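Breakdown of the fold
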Amino acid sequence: MALTNVFYAVIVLFLEIILGFFLVKIRIFDDGMVKRLSRFIGNVTLPALIISALNFTYDPVMMKNASMILVSGLGYYLLATVMAWAYMKMIHVKPRQEGVHGFALIFANVGFMGYPVIQAIYGQEGLFYAAIYNIWFNVFLYTIGIFMLSKHQKKGNHFQIKTMLTNPNLIALTIGLICFVFSIDKPQPIDMVFEQIGGLTTPLAMLTVGAMLGGSSIREMAKNRMLWLTSFLRMVWMPLVTYFVLKQCGLDGLTLGIPVVMAGMPAAANGAIFAQIYDADYQLSSQTVFLTTLLSVVSIPLLVLLLS
């Protein structure tokens, strides 16, 4: 693992967030553009990145490792859900903020930040396993995640099973797995299109996260103790629990590293988008993304050091 490469990768991501923040301040970005960029990333560039990441010839060893990572991923999300639910019962915040804190504890930025960091640590093979691991992100996001963010509404909670099944990322994952299992070779120009379009995901996503923070108060964020506590749990507690549990299960190498690094990613940028949709505190969610991403400049290299 190249620790310097990981550190540089995280610094670059954070600087892109800062750029997005200032693009809002100087009015190059506005709310409408941020929403359109979010849809473009979620529906076009991220699916292309997933298909590109799964562009491997079938290998039984890789399939075995993928199965182990799939099981450990399910274990993580089940355990994280229980921990988040207990945390939400313990804290005393406004109803619109409760789900935001719980959401941040479960859902990390495994797509926008997870993929580039995993690539910096483990290369292209790491991206393959990361795509497998992220199956559970979509399953839990459109069920537990939306339940948490909408639970304060009198109308009731919204499980979006149909939306989950028709999610472009899940469809891209299905296509990529079919091509992998049956060793389907795509024409080289098609592969290059997926690779190049997928490569837009990280910078566009980080600019979008920064733009969402454009209306937030840095001073207010610095004084929010609950925000700091949630960010600490997200960046330190969650990856350490994942590490020690999987270590006790006998996992090592990629099968240990992928779940641990993914658990150590900052809060998911999707949280701010869904918080806005379901009238939760989306500014708090954006602040959580910002602060956890700032902390990741230090925490992720330390996590890589632990794994090595």
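Worth saying up front: this structure is predicted, and the values here are computed from it rather than measured.

**What to know about the overall build of the protein**
The helix and strand tally for the protein stands at 15 helices and zero strands. Rg of the C-alpha trace for the protein: 18 Å, near the compact-globule value of 19 Å for 308 residues, within the 12% margin. Among the 308 residues that make up the protein, the fraction classed as buried is 54%. Sequence-distant contacts, at least 24 apart, represent 85% of the contacts inside the protein between residues at least 6 apart. Of the roughly 14,100 Å² of accessible surface on the protein, a fraction of 66% belongs to carbon and sulfur atoms. Across the protein, the mean location of the 19 positive side-chain charges is 14 Å away from that of the 13 negative side-chain charges.

**Regarding the packing of aromatic side chains**
Within the structure shown, the criterion is met by 13 aromatic pairs. Between the aromatic rings of Phe21 and Phe22, the centroid separation amounts to 5.5 Å while the plane-to-plane angle is 90°, which identifies the pairing as edge-to-face. Relative accessible area serves as the criterion here: at 13%, Phe21 is assigned to the buried category. Centroid distance Tyr77 to Tyr133: 6.3 Å. Interplanar angle 40°. Geometry classified as tilted.

**Overview of unusual backbone geometry**
For Arg27, which is not glycine, the phi dihedral falls at a positive 65°. Examined against the element boundaries, Arg27 turns out to sit in the loop between helix 1 (3-25) and helix 2 (31-53). Residue classification places Arg27 among the exposed residues on the basis of a relative accessible area of 78%. Here the phi dihedral of Ser183 falls at roughly 50°; this positive angle occurs in a residue that is not glycine. Assessed through its relative accessible area of 34%, Ser183 is described here as partly exposed.

**Let's talk about empty space enclosed by the protein**
Across all of its chains, the model carries one cavity of 30 Å³ or more by this definition. Estimates place the volume of the largest cavity at around 30 Å³. What lines the largest cavity is simply Val100, Phe103, Ala104, Ala267, Ala268, Gly271, Ser285, Thr288 and Val289.

**Quick word on the layout of surface pockets**
In this model, the largest pocket occupies a volume close to 1,100 Å³. Elements with a contribution of two residues or more to the lining of the largest pocket: helix 2, helix 5 (114-133), helix 6 (135-150), helix 8 (168-181), helix 10 (201-212), helix 14 (270-277) and helix 15 (282-307). Of the residues forming the lining of the largest pocket, the biggest block, nine residues, is contributed by helix 2. Residues of the lining of the largest pocket, tallied by class, amount to 25 nonpolar, 17 polar and four charged. In this structure, the second largest pocket encloses a volume near 310 Å³.

**A word on a nonpolar patch on the surface**
Residues Phe40, Val44, Val193, Ile197 and Leu200 make up a contiguous nonpolar surface patch of roughly 360 Å² in combined accessible area. Every element with two or more residues in the nonpolar patch is listed here: helix 2 and helix 9 (188-198). With respect to the helices and strands, Ile197 occurs in helix 9. Given the relative accessible area of 31%, Ile197 is considered partly exposed.

**Digging into the pattern of salt bridges**
One pass over the structure, following the stated rule, counts one salt bridge. Two residues, Asp191 and Lys186, come together in a salt bridge whose shortest N-O distance is 3.4 Å. Like Lys186, Asp191 is buried.

**What to know about the packing of helix 4 (residues 95-106) against helix 15**
Helix-helix packing: each pair is described by the crossing angle between the helix axes and the interaxial distance. With their axes 9 Å apart at the nearest point, helix 4 and helix 15 run at an angle of 25° to one another. Classed by the angle they form, the pair helix 4 and helix 15 counts as roughly parallel. Of the two elements, helix 4 crosses helix 15, and the hand of that crossing is right-handed. Contact with helix 4, carried on its side by Gln97, Val100, His101 and Ala104, involves Leu284, Ser285 and Thr288 of helix 15 and no other residues of that element. Residue composition of the contact of helix 4 with helix 15, grouped by class: three nonpolar, four polar and no charged.

**Some points on the confidence of the model for the protein**
On average, residues of the protein carry a pLDDT of 86, and 94% of them reach 70 or more. Here helix 7 (residues 161-165) stands out as the least confident element of the protein, with mean pLDDT 68; helix 12 (residues 225-248) is the most confident, with 95.

**Regarding helix 6**
Compared with an ideal rise of 1.5 Å per residue, which puts 16 residues at 22 Å, helix 6 spans 22 Å between its outermost C-alpha atoms and is within 8% of the ideal. The largest bend along helix 6 measures about 45° and falls at Leu141. By the criterion of burial, helix 6 is predominantly enclosed, with 13 of the 16 residues buried.

What counts and how
- Residues numbered from 1 in each chain as written.
- Predicted model: local features only at pLDDT ≥ 70, side-chain atom pairs only at ≥ 80, totals over all residues.
- Heavy atoms only, no water.
- Helix = DSSP H or I, 4+ residues; strand = E, 2+ residues; numbered from the N terminus.
- Rg over C-alpha atoms; globule rule 2.2 N^0.38 Å.
- Buried < 20%, exposed > 50% of the residue type's maximum accessible area, 1.4 Å probe, protein only.
- Contact = heavy atoms within 4.5 Å.
- Areas by Shrake-Rupley, 256 points an atom, 1.4 Å probe, with all protein chains shown as cover.
- Lys, Arg positive; Asp, Glu negative; His and termini not counted.
- Charge placed at Lys NZ, Arg CZ, Asp CG, Glu CD.
- Phe/Tyr/Trp six-rings, centres within 6.5 Å; stacked < 30°, edge-to-face > 60°.
- 1 Å grid on protein atoms, 1.4 Å probe; cavity = no way out; pocket = protein on both sides within 12 Å on 5 of 7 lines; lining within 4 Å.
- Points joined across faces, edges and corners; volume = space filled by probe spheres on them.
- Nonpolar A, V, L, I, M, F, W, Y, C, P; charged D, E, K, R; others polar.
- Patch = residues over 30% accessible without salt bridge, like charges linked within 9 Å, V, L, I, M, F, W, Y side chains within 5 Å.
- Salt bridge = Lys/Arg side-chain N within 4 Å of Asp/Glu carboxyl O.
- Axes fitted to C-alpha atoms, helices over the stretch in contact; angles between N-to-C directions.
- Parallel < 35°, antiparallel > 145°, perpendicular 65-115°, else oblique.
- Left-handed = near helix turned anticlockwise from the far one by under 90°.
- pLDDT = per-residue confidence, 0-100.
- Expected span 1.5 Å × (residues − 1).
- Bend = angle between axes of the 7 residues up to and from the residue.

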